[in-house]
Amino acid sequence: MVRRNDQRRAALVDAAIEVLAGEGARGLTFRAVDAAAAVPLGTASNYFSSRDDLLTQAGARVYERLQPDEATLARQRTADRDGETYARLMRELVGRVASFRTGYLALLELRLEATRRPELRAVLTERVRTDLDANIAYHEASGLPGDAMAVKLLYLALNWLIVEQLTLPDVLNEAERDELVTAAVERIVTGPASS
């Protein structure tokens, strides 16, 4: 029977994220999660029906933890609606995602695992599509410049920038990353500067 202590379950899922980031999907076992969560052996197997269940919940938890806090959302709602504000918001987004290094690396591991597990692929596809649609809807309601295509292009460009930052952090320094985010927003949202 699956247990229902929500705090313990969250701690185990957070531990699974750490294991995924550090050991990869092949290293994600109930035993490894128990060790990472510093709980007695057998605890994770009492909370999750299968390894696939644990993988799926780890992916969902990463997205939960990547959501901006209410103060950030409130600041965004009252910010100007111009390209400069948009670039600042995107730099903050890249910083927030990159600061949860293990979460993003765990998502990369889950994506790789999804190439071999159709059920996980279906769950991740739905989750990522829902997240992308929510970002598009938020953008359209916000009054910021650009359209749905701009949001999708920035999503793709900034995701790879984050991968670069987390996996090979010495390729680009912080100033270069900020400059690239600003340039991506300027060129994707407002189009290339005329000369």
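Calculation rules
- Residues numbered from 1 in each chain as written.
- Predicted model: local features only at pLDDT ≥ 70, side-chain atom pairs only at ≥ 80, totals over all residues.
- Heavy atoms only, no water.
- Helix = DSSP H or I, 4+ residues; strand = E, 2+ residues; numbered from the N terminus.
- Buried < 20%, exposed > 50% of the residue type's maximum accessible area, 1.4 Å probe, protein only.
- Contact = heavy atoms within 4.5 Å.
- Lys, Arg positive; Asp, Glu negative; His and termini not counted.
- Charge placed at Lys NZ, Arg CZ, Asp CG, Glu CD.
- Salt bridge = Lys/Arg side-chain N within 4 Å of Asp/Glu carboxyl O.
- Expected span 1.5 Å × (residues − 1).
- Phe/Tyr/Trp six-rings, centres within 6.5 Å; stacked < 30°, edge-to-face > 60°.
- Lys NZ or Arg CZ within 6 Å of the ring centre and 35° of its normal.
- 1 Å grid on protein atoms, 1.4 Å probe; cavity = no way out; pocket = protein on both sides within 12 Å on 5 of 7 lines; lining within 4 Å.
- Points joined across faces, edges and corners; volume = space filled by probe spheres on them.
- Nonpolar A, V, L, I, M, F, W, Y, C, P; charged D, E, K, R; others polar.
- pLDDT = per-residue confidence, 0-100.
- Core = buried A, V, L, I, M, F, W, Y, C linked by side-chain atoms within 4.5 Å.

1. Remarks on the overall build of the protein
Reasoning step 1: From N to C terminus, the protein includes 10 helices and zero strands.
Reasoning step 2: Reading the helices (α) and strands (β) of the protein from amino to carboxyl end gives α-α-α-α-α-α-α-α-α-α.
Reasoning step 3: A principal-axis box enclosing the C-alpha atoms of the protein has dimensions of 65 × 35 × 30 Å.
Reasoning step 4: Within the protein, buried positions represent 37% of all 195 residues.
Reasoning step 5: For the protein, restricting intrachain contacts to residue pairs at least 6 apart in sequence, the fraction spanning at least 24 positions comes to 67%.
Reasoning step 6: With 25 positive and 29 negative side-chain charges, the protein shows a separation of 6 Å between the mean positions of the two kinds.

2. What about the pattern of salt bridges?
Reasoning step 1: One pass over the structure, following the stated rule, counts 11 salt bridges.
Reasoning step 2: Here arginine 117 ties to aspartate 52 by a salt bridge, and the two come within 2.5 Å at their closest N and O atoms. In this pair, arginine 117 is assigned in the loop between helix H7 (101-114) and helix H8 (118-142) and aspartate 52 in helix H4 (residues 51-66), connecting sequence segments 65 residues apart.
Reasoning step 3: As a salt-bridge pair, glutamate 113 and arginine 116 come within 3.1 Å of each other at their nearest N and O atoms.
Reasoning step 4: Residue class for glutamate 113 comes out buried when judged on its relative accessible area of 6%.
Reasoning step 5: Connected via shared salt-bridge partners are Arg51, Asp52, Glu113, Arg116 and Arg117.

3. Quick look at helix H6 (residues 83-99)
Reasoning step 1: Compared with the 24 Å implied by 1.5 Å per residue over 17 residues, the 24 Å span of H6 between its first and last C-alpha is a close match.
Reasoning step 2: By the burial criterion, the buried members of H6 are Thr85, Tyr86, Ala87, Leu89, Met90, Val94, Val97 and Ala98.
Reasoning step 3: On its buried face, H6 sits against H4, helix H5 (70-78), H7, H8, helix H9 (148-167) and helix H10 (174-189).

4. Looking at the packing of aromatic side chains
Reasoning step 1: Applying the stated criterion across every chain, the model contains zero aromatic pairs.
Reasoning step 2: Arginine 9 extends its terminal NZ or CZ atom over the ring of phenylalanine 48, reaching a point 5.0 Å from the ring centre.

5. Description of the layout of surface pockets
Unoccupied space between atoms shows up once a probe the size of one water molecule is rolled over them.
Reasoning step 1: Estimated volume of the largest pocket: approximately 1,000 Å³.
Reasoning step 2: Around the largest pocket, the lining is made up of 32 residues, and of these Leu93, Arg96, Asp131, Asn135 and Tyr155 lie nearest the centre.
Reasoning step 3: Mapped by element, the contributors of at least two residues to the lining of the largest pocket are H4, H5, H6, H7, H8 and H9.
Reasoning step 4: The class makeup of the residues in the lining of the largest pocket is 24 nonpolar, five polar and three charged.

6. What about the confidence of the model for the protein?
Reasoning step 1: Of all residues in the protein, 96% attain a pLDDT of 70 or more, and the chain-wide mean is 91.
Reasoning step 2: Across the protein, helix H2 (residues 30-37) holds the top mean pLDDT of 98, while H5 sits lowest at 86.

7. Digging into unusual backbone geometry
Reasoning step 1: A positive phi angle, near 55°, is found at alanine 38, a position not held by glycine.
Reasoning step 2: By the secondary structure assignment, alanine 38 is in the loop between H2 and helix H3 (43-47).

8. Describing the nonpolar core
Reasoning step 1: Ranked by size, the top nonpolar core spans 52 residues in total, and within it Leu20, Leu28, Val33 and Tyr86 carry the most contacts.
Reasoning step 2: Elements represented by at least two residues in this core include exactly helix H1 (6-23), H3, H4, H6, H7, H8, H9 and H10.
Reasoning step 3: If you tally residues by element for this core, the top one is H9, at eight residues.
Reasoning step 4: When sequence neighbours within four positions are dropped, the list of residues in contact with tyrosine 86 reads His139, Leu144, Pro145, Val151, Leu154, Val185 and Val189.

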